[in-house]
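Architecture at a glance
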Amino acid sequence: MTGYKVANGNGTAKTNGNSNGHSNGHCNGHKSADYTAQENPTGSGKIRCELTPEELRALRVLHEDTYPYEVIEEIADFITKGSGMRPKIGIICGSGLGSLADIIQDPKIFEYEKIPNFPVSTVEGHAGRLVVGTLEGATVMAMQGRFHFYEGYPLAKCSMPVRVMKLCGVEYLFATNAAGGINPRFAVGDIMLMHDHVNMLGFAGNSPLQGPNDPRFGPRFPALVNSYNKDLINKAIEIGKAMGIESNIHVGVYSCLGGPNYETIAELKALRMMGVDAVGMSTVHEVITARHCDMKVFAFSLITNKCATEYSDKKDEEANHEEVMAVAKNRQKACCELVSRLIREIHLASA
Ligand SMILES: O=P(O)(O)O[C@@H]1C[C@H](O)[C@@H](CO)O1
Ligand SMILES: Nc1nc2[nH]cnc2c(=O)[nH]1
């Protein structure tokens, strides 16, 4: 067999025939910007000089994953020029919480697929649009759909839009998510204001900041204590009281796992022992990226399901995405009000 294996960008290995028309593997003097010489595994010792379309595509996918400063700057320019705005607050809508972007006034909408170099959303409940406009007088941009590690995107790509927000002028990141409640005091529909996180992907040696550091974004070794802005947490608690939902608001620790599978009982027990209150599949790498470039962060989890931490035969204790979406839909009004009121306070304080 003369073929060899190349990742095709979907994470699956593909065997290519010698589809470049040069069956002997000789150099033909053809120059390609993406050219990488490889030893031909035919054992002939000769070097194959042309890349197949699949290889070129794989290289491009790799390149796109690196997102240098200049590429992020181009995306940010596209958005600020296209919207005529430099938003101050960035919002990331969690699963089923896209309505947070629907309340934005005078919206300019950018479909992800039309934004140069932007990934696409593949998850139900994540529409795949960037909405720029005003909310309670403040200029905002909201991601109606985020990127998850389990979709096959590297963490740097999942959180790349946070850097785009930064270069658009964003100072505050509001990150929201749907999460499973591990703390037994939490009920479905409660809101947990994040005051810290346990980064399970980080424990496994994965970070959105891996690779060369560009100091234009931030330092090589950023500190993460005090990542979640205490003033904003306190303001949100006050707003919760004013809304009459005080008993549904908690402050706690979120943990991000890779997904897409939900957790086993043993994993949930272990997370609880580590002090985790709610578990999900996002947000943490976005927060790390935001803190790296010195944004103020406010984040909350909508508890969409209670995680069982004891063994049981009951089917209804198994998490599922339909339930997650249904609960998010039911609670979107309260989530929208909390976010709007907090943004109003930030705007008034800076006016
Ligand atoms: O984007 P978030 O973190 O809100 O979505 C959660 C995690 C999975 O994507 C999905 C599981 O139901 O909801
Ligand atoms: N990992 C994880 N993510 C979720 N998103 C919503 N619910 C859950 C859950 O129970 N576990």
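The structure contained in this document is the topic of the report that follows. Here the residue numbers are simple positions, counted from 1 along each chain's written sequence. Chains carry letters and ligands carry numbers; both start at the beginning, A for chains and 1 for ligands, and go up in the order they are written. Per-residue local features are limited, in this predicted model, to residues with pLDDT of at least 70; the limit for side-chain atom pairs, both in listing and counting, is 80 or more; totals at the level of whole chains, interfaces and linings are taken over all residues. Computation of side-chain values: all heavy atoms of the structure, hydrogens and water removed.

1. A look at the overall build of the protein
- Numbering of helices and strands runs from the N terminus; a helix is a DSSP stretch of H or I covering at least four residues, while a strand is a stretch of E covering at least two. Helices and strands together make up the secondary structure of the protein, namely 10 helices and 13 strands.
- Evaluated residue by residue, the protein yields a buried proportion of 49% over its 351 residues.
- In the protein, of all internal contacts separated by at least 6 residues, the share reaching a separation of at least 24 is 77%.
- Counting every atom, the protein has about 16,600 Å² of accessible surface; 52% of that belongs to carbon and sulfur. Relative accessibility under 20% of the residue-type maximum defines a buried residue, over 50% an exposed one, and the middle range a partly exposed one, all with a 1.4 Å probe and only protein chains included. Any two residues whose heavy atoms approach within 4.5 Å at even a single point are treated as in contact. In this description, accessible areas are obtained by the Shrake-Rupley approach with a 1.4 Å probe, and a residue is regarded as covered only by the protein chains that are shown.

2. Here's the deal with unusual backbone geometry
- For the bond running from Gly259 to Pro260, omega is 0 degrees, close enough to zero to count as cis.
- Turning to its location among the elements, Pro260 is positioned in the loop between strand S11 (249-256) and helix H8 (265-273).
- Positioned with a positive phi, Asn117 is a non-glycine residue whose angle comes to about 65 degrees.
- Inspection of the secondary structure assignment puts Asn117 in the loop between strand S6 (105-111) and strand S7 (129-135).
- Even without glycine at this site, Glu136 takes up a positive phi of about 50 degrees.

3. Some remarks on the state of the cysteines
- Defined by distance alone, a disulfide is two cysteine sulfur atoms within 2.5 Å. Evaluated as defined, the whole model comprises 0 disulfides.
- Here Cys307 is not cross-linked by a disulfide; its sulfur's nearest cysteine counterpart is in Cys256, at 14 Å.
- On the basis of relative accessible area, Cys307 is assigned to the buried category, the value being 14%.

4. A few points about the environment of Ser247
- Structurally, Ser247 is set in the loop between helix H7 (230-242) and S11.
- What makes Ser247 exposed here is its relative accessible area of 62%.
- Separated by 18 residues in sequence, Ser247 and Ile265 have C-alpha atoms that sit 27 Å apart.

5. Considering the pairing of strand S8 (residues 138-144)
- For S8, the buried fraction is high: 6 of the 7 residues fall into the buried class.
- When strand S5 (residues 89-92) meets S8, the two strands line up parallel, connected through 4 bridges. Across the sheet, residue Gly90 finds its bridge partner in S8, namely Met141.
- Direction of pairing for S7 relative to S8: antiparallel, over a ladder of 7 bridges. Each bridged residue has a counterpart across the sheet, and for Thr134 the counterpart in S8 is Thr139.
- Counting the residues in the hairpin turn of S7 and S8 gives 2 residues, including Glu136, whose phi is positive at 50 degrees. In this description, strands pair whenever DSSP reports at least two bridges between them.

6. What about the site of ligand 1?
- A cutoff of 4 Å decides nearness: a residue is near a molecule or strand if any of its heavy atoms lies inside that distance of it. For ligand 1, the set of nearby residues contains 13 residues, the closest of which are His148, Tyr150, Tyr262, Ser282 and His321.
- In the environment of ligand 1, an oxygen atom lies 2.5 Å from a nitrogen or oxygen atom belonging to the side chain of Ser282.
- Coverage of ligand 1 by the protein chains reaches 96% of its 340 Å² of free accessible surface.
- Put simply, the parts of the chain that give the shell around ligand 1 at least two residues each are strand S9 (172-181) and helix H10 (321-350).
- When its residues are assigned to classes, the shell around ligand 1 shows 5 nonpolar, 7 polar and 1 charged. The definition of a polar contact used here is a pair of N or O atoms within 3.5 Å, where within protein one atom must be able to donate a hydrogen and the other to accept one, and adjacent residues in sequence count solely through side-chain atom pairs. Basically, the charged four are Asp, Glu, Lys and Arg, the nonpolar ten are Ala, Val, Leu, Ile, Met, Phe, Trp, Tyr, Cys and Pro, and anything else, Gly included, counts as polar.

7. Quick look at the pattern of salt bridges
- A carboxyl oxygen of Asp or Glu within 4 Å of a side-chain nitrogen of Lys or Arg is what we treat as a salt bridge. All told, the structure shown has 8 salt bridges when counted by the stated rule.
- For Arg146, the salt bridge goes to Glu286, with nearest N and O atoms at 2.7 Å. Here Glu286 lies in helix H9 (residues 284-292) and Arg146 lies in the loop between S8 and helix H4 (155-158), a separation of 140 residues in the sequence. Neither residue differs from the other here; Arg146 and Glu286 are each classed as buried.
- Ionic pairing is found between Glu337 and Arg341, a salt bridge with its closest N-O pair at 3.0 Å. Here the residue Glu337 and the residue Arg341 both occupy positions in helix H10, the gap between them amounting to 4 residues, near one helical turn.
- A cluster of three or more residues bridged by salt bridges with shared partners is formed by Glu70, Asp214 and Arg216.

8. Considering the site of ligand 2
- All residues in the neighbourhood of ligand 2 are listed as Ala178, Ala179, Gly180, Tyr262, Glu263, Val279, Gly280, Met281, Thr304, Asn305, Cys307 and Val324.
- Within the backbone of Gly180, one N or O atom sits 3.3 Å away from a nitrogen atom of ligand 2.
- Between a nitrogen atom of ligand 2 and a side-chain N or O atom of Glu263, the distance comes to 2.5 Å.
- Starting from 280 Å² of accessible surface for ligand 2 in isolation, the protein chains cover 96%.
- Considering every element that reaches the shell around ligand 2, the biggest residue donor is S9, with 3 residues.
- The residue inventory of the shell around ligand 2, partitioned by class, reads 7 nonpolar, 4 polar and 1 charged.

9. Thoughts on the layout of surface pockets
- Buried and open spaces are told apart on a 1 Å grid over the protein atoms alone, a cavity being a set of points where a 1.4 Å probe fits but cannot get out and a pocket being an open set with protein on both sides within 12 Å along at least five of seven lines. Residues with an atom within 4 Å of a point are the lining residues. Grid points are joined across faces, edges and corners, and a volume is the space filled by probe spheres set on the points. Considering only enclosed or pocket space, the second largest pocket measures out at about 400 Å³ in volume.
- Lining the second largest pocket are 24 residues, with Thr66, Ala156, Arg163, Pro208 and Gln210 positioned closest to its centre.
- Of all the elements in the fold, those that place two or more residues in the lining of the second largest pocket are helix H1 (53-66), helix H2 (69-83), H4 and helix H5 (160-168).
- Here the residues of the lining of the second largest pocket sort into 12 nonpolar, 8 polar and 4 charged.

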